[in-house]
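Chain and residue survey
Read off the chains here:
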Amino acid sequence: MTQLKVGTGEALASTAHNSAAQYSISVSCNRCAGMHETGISITIENGPSHRQSIGDFYDGKSLPKTLSTIASDSFSCPLTGRQFIQKDTKRRFLVSSKGRSTIENDARKTRRGYGLG
Ligand SMILES: [Zn+2]
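Note that the structure is a prediction, hence the values are computed from the model and not measured. (Residues numbered from 1 in each chain as written. Predicted model: local features only at pLDDT ≥ 70, side-chain atom pairs only at ≥ 80, totals over all residues.)

Notes on the overall build of the protein
Which entries qualify depends on this criterion: Only DSSP runs of H or I with at least four residues qualify as helices, and only runs of E with at least two residues qualify as strands; both kinds are numbered from the N terminus onward. Here a residue counts as buried when 20 or more other C-beta atoms fall within 10 Å of its C-beta, as exposed when 12 or fewer do, and as partly exposed in between; the C-beta atoms come from the backbone.
Scanning the protein from N- to C-terminus turns up four helices and six strands. Tracing the protein from N to C terminus, the helices and strands come up as α-β-β-β-α-α-β-β-β-α. Within the protein, the proportion of its 117 residues that are buried is 12%.

Structural data, given as structure tokens:
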């Protein structure tokens with residue numbers, strides 16, 4: 001049994017470069033053909049500005065350890081409740097966290113607005 005260590009805190013603290021951005025990893029699901037977030041995040045320098053598959057972004061390059069380990073990880077599909085493993089790097093995606101946090105902020109604002117209403 002291998003234990004996947006996702007040390008987000010330490011990794012983030014050491015990367016203070018402007019060009020580095022945080023990405024979350026989503027995988028294409030074998031069970032429902034949807035896309036699911038793995039909860040794994042990684043900081044990449046000069047990463048894609050929008051969603052790009054890991055296979056495309058690291059074409060011809062070696063994968064960072066964080067990304068290579070998920071090839072053997074199983075994830076549970078929230079729709080079917082079944083486990084799946086995604087070994088195809090073209091079906092694993094880097095998703096920029098920037099765009100996502102904007103959406104979350106909007107949702108929070110909206111909720112607060114209703115409460116005061
Ligand atoms: Zn699924």
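Thoughts on the nonpolar core
The line we're drawing: One nonpolar core equals one set of buried Ala, Val, Leu, Ile, Met, Phe, Trp, Tyr and Cys residues connected by C-beta atoms within 7 Å. With C-beta atoms placed from the backbone, a contact is any residue pair whose C-beta atoms sit within 7 Å.
With eleven residues, the main nonpolar core is built from Tyr23, Ile25, Val27, Cys29, Ile42, Ile54, Leu67, Ile70, Phe75, Phe93 and Leu94. Counting residues per element, the ones that place at least two in this core are β1 (20-28) and β6 (92-96). Per-element tally for this core: the top contributor is β1, with three residues. Non-local contacts of Tyr23, meaning those with residues more than four positions away in its chain, are made with Ser41, Ile42, Ile44, Gly47, Leu94, Val95, Ser96 and Ser97.

As for the sheet that holds β1
Our working definition: Note: two strands are recorded as paired if DSSP finds a minimum of 2 bridges between them.
With respect to topology, four strands assemble into an open sheet ordered β2-β1-β6-β3, the strand pairing being antiparallel. Two strands lie at the open edges of the sheet, namely β2 (35-45) and β3 (52-53), each paired on one side alone. By the bridge criterion, eight bridges tie β1 to β2 in an arrangement that is antiparallel. Bridging across to β2, Val27 finds its partner in His36.

Structural notes on the environment of Ala20
Within the secondary structure, Ala20 sits in strand β1. Judged by the 15 C-beta atoms lying within 10 Å of it, Ala20 falls in the partly exposed class. Residues Ala20 and Ile42 lie 22 residues apart in sequence; the distance between their C-alpha atoms is 9.9 Å.

Quick notes on the confidence of the model for the protein
The criterion, for reference: A residue's pLDDT is simply how confident the predictor is in it, with values from 0 to 100.
The pLDDT averaged across the protein works out to 80; a share of 68% of its residues lies at or above 70. The low-confidence segment residues 100-105 (pLDDT under 50) makes one contact with residues lying over four places distant or belonging to another chain.

Quick notes on the environment of Ala33
Assignment of secondary structure puts Ala33 in the loop between β1 and β2. On the basis of neighbour count, Ala33 is assigned to the exposed category, with 9 C-beta atoms found within 10 Å. Spatially, the C-alpha atom of Ala33 lies 9.9 Å from that of Cys77, the residues being 44 residues apart in sequence.

Section: the pairing of β6
Where β1 and β6 come together, five bridges link them in antiparallel fashion. Paired with Tyr23 across the two strands is Ser96, which belongs to β6. The sheet contact formed by β3 and β6 spans two bridges and is antiparallel. For Gln52, the partnering residue across the bridge sits in β6 and is Leu94.

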